Amino acid sequence: DSGVTQTPKHLITATGQRVTLRCSPRSGDLSVYWYQQSLDQGLQFLIQYYNGEERAKGNILERFSAQQFPDLHSELNLSSLELGDSALYFCASSASPGTSGDSGTDTQYFGPGTRLTVL
Amino acid sequence: DQQVKQNSPSLSVQEGRISILNCDYTNSMFDYFLWYKKYPAEGPTFLISISSIKDKNEDGRFTVFLNKSAKHLSLHIVPSQPGDSAVYFCAAAPIAGGTSYGKLTFGQGTILTVHP
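Keep in mind that this is a model prediction, so the values were computed, not measured. (Residues numbered from 1 in each chain as written. Chains lettered and ligands numbered in written order. Predicted model: local features only at pLDDT ≥ 70, side-chain atom pairs only at ≥ 80, totals over all residues. Heavy atoms only, no water.)

Q: Can you walk me through the overall build of chain A in this structure?
A: Helices and strands together make up the secondary structure of chain A, namely zero helices and eleven strands. The order of helices and strands in chain A, counted from the N terminus, is β-β-β-β-β-β-β-β-β-β-β. Since a compact globule built from 119 residues should have a radius of gyration of about 14 Å, the 14 Å found for chain A is in line with a globular shape. In terms of its C-alpha atoms, chain A occupies a principal-axis envelope of roughly 40 × 30 × 25 Å. (Helix = DSSP H or I, 4+ residues; strand = E, 2+ residues; numbered from the N terminus. Rg over C-alpha atoms; globule rule 2.2 N^0.38 Å.)

The structure is reproduced here in structure tokens:
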């Protein structure tokens, strides 16, 4: 158990709909990262928040948005869903703003993921 | 444009022998490298990491080697155990302080099967 929690575990919805995925980081971690794992793309970085502020952005679609709240939990909002958005969405957390160096505070710990199916 | 590549989709090894998983990268801005292990229906679990200032890091049965000039890293598992059977991802992080600081770029993964 990494200490990172994600809800819901599974989500089935229809094209055109909007969903919200939730992530609670490990206790004390200030950074939250979102990743998408689809069959053909592997694990892709979407976005990072550090202490409530957006820190780094990957290839996140404009239909997707995220935020980190004062209690440090984060939500990923996916709207106008398409069939291709079906994937596993992982959240990770770390204590520090980035991942570099040998400090244990930099390590990203992953949650169990949310499996999104768009029909 | 795949900046981190794991060219072997799968590897099969006998219990007790060495498992060697390989990873190549193309971006010279990568400064820190990690290996994650993933079981089905779970998130990736951090295994071991190495900074670009080192060429080797060891943790129990796991050793990661980094060859910066070849832009290549490998994970050695000795001795391999059936419980090691999982998907292994290598990941790379950029130099600290840049705008992409914190972003991990993952390889496609290698499925390791350790036979009893």
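So that's the structure; there's more coming.
Q: Mind showing me how you'd approach the sheet that holds strand E3 (residues 19-25) of chain B here?
A: Strands in a sheet are paired, the pairing made by backbone hydrogen bonds, and the direction either parallel or antiparallel. All names here are of chain B. Taken together, five strands build an open sheet; the order of strands is E1-E3-E8-E7-E6 and the sheet is antiparallel. Across the chains shown, the open sheet's two edge strands, defined by having one partner strand only, are strand E1 (4-5) and strand E6 (56-59). Looking at chain direction, E6 and strand E7 (residues 62-67) are connected through four bridges and run antiparallel. Paired with Asp59 across the bridge in E7 is Phe62. (Pairing = 2+ DSSP bridges.)

Q: Even after reading the chapter, I still don't get the state of the cysteines, so can you show me in this structure?
A: As used in these notes, a disulfide is a covalent bond between sulfur atoms, one from each of two cysteines. Enumeration according to the criterion identifies two disulfides over all chains in this entry. With its sulfur 1.7 Å from that of its partner, Cys23 of chain A forms a disulfide with Cys91 of chain A. Looking along the S-S bond of the Cys23 of chain A-Cys91 of chain A disulfide, the torsion reads about -45°, which is the left-handed sense. Linking Cys23 of chain A in strand E3 (residues 19-24) with Cys91 of chain A in strand E9 (residues 87-94), this pair joins segments that are 68 residues apart in sequence. Judged by relative accessible area, Cys23 of chain A falls into the buried class, the value being 0%. Each disulfide pairs two cysteine sulfurs, and for Cys23 of chain B the partner residue is Cys90 of chain B, the sulfurs being separated by 1.8 Å. On the sign convention where negative is left-handed, the bridge of Cys23 of chain B and Cys90 of chain B, at about 60° about the S-S bond, is right-handed. Here Cys23 of chain B, found in strand E3, pairs with Cys90 of chain B, found in strand E9 (residues 86-94); they are 67 residues apart in sequence, far enough to count as distant. Residue classification places Cys23 of chain B among the buried residues on the basis of a relative accessible area of 1%. (Disulfide = S-S within 2.5 Å. Buried < 20%, exposed > 50% of the residue type's maximum accessible area, 1.4 Å probe, protein only.)

Q: Any chance you could explain a nonpolar patch on the surface here in plain terms?
A: A cluster of nonpolar side chains, contributed by Ile18, Ile20 and Val78 of chain B, occupies part of the molecular surface with about 230 Å² of accessible area. Its place among the elements puts Ile18 of chain B in the loop between strand E2 (10-14) and E3. (Patch = residues over 30% accessible without salt bridge, like charges linked within 9 Å, V, L, I, M, F, W, Y side chains within 5 Å. Areas by Shrake-Rupley, 256 points an atom, 1.4 Å probe, with all protein chains shown as cover. Salt bridge = Lys/Arg side-chain N within 4 Å of Asp/Glu carboxyl O.)

Q: Would you mind going over the environment of Thr7 of chain A with me for this structure?
A: Residue and element names in this part refer to chain A. Looking at the element boundaries, Thr7 is found in strand E1 (residues 5-7). Taking the C-alpha atoms as reference, Thr7 lies 19 Å from Gln108; in sequence the two are 101 residues apart. Apart from the residues within four sequence positions on either side, Thr7 is in contact with Leu21, Arg22 and Thr114. (Contact = heavy atoms within 4.5 Å.)

Q: For this particular structure, what's the right way to read the sheet that holds E3 of chain A?
A: Residue and element names in this part refer to chain A. What the four strands build is an open sheet, ordered E1-E3-E8-E7; its pairing is antiparallel. Pairing within the sheet leaves two strands with one partner each, and these edge strands are E1 and strand E7 (64-68). Recorded for the sheet is a direction-independent mean angle of 15° between the axes of neighbouring strands. As judged from the three bridges shared by E1 and E3, these two strands associate in the antiparallel manner. If you follow Gln6 over to E3, its bridge partner there is Cys23. (Axes fitted to C-alpha atoms, helices over the stretch in contact; angles between N-to-C directions.)

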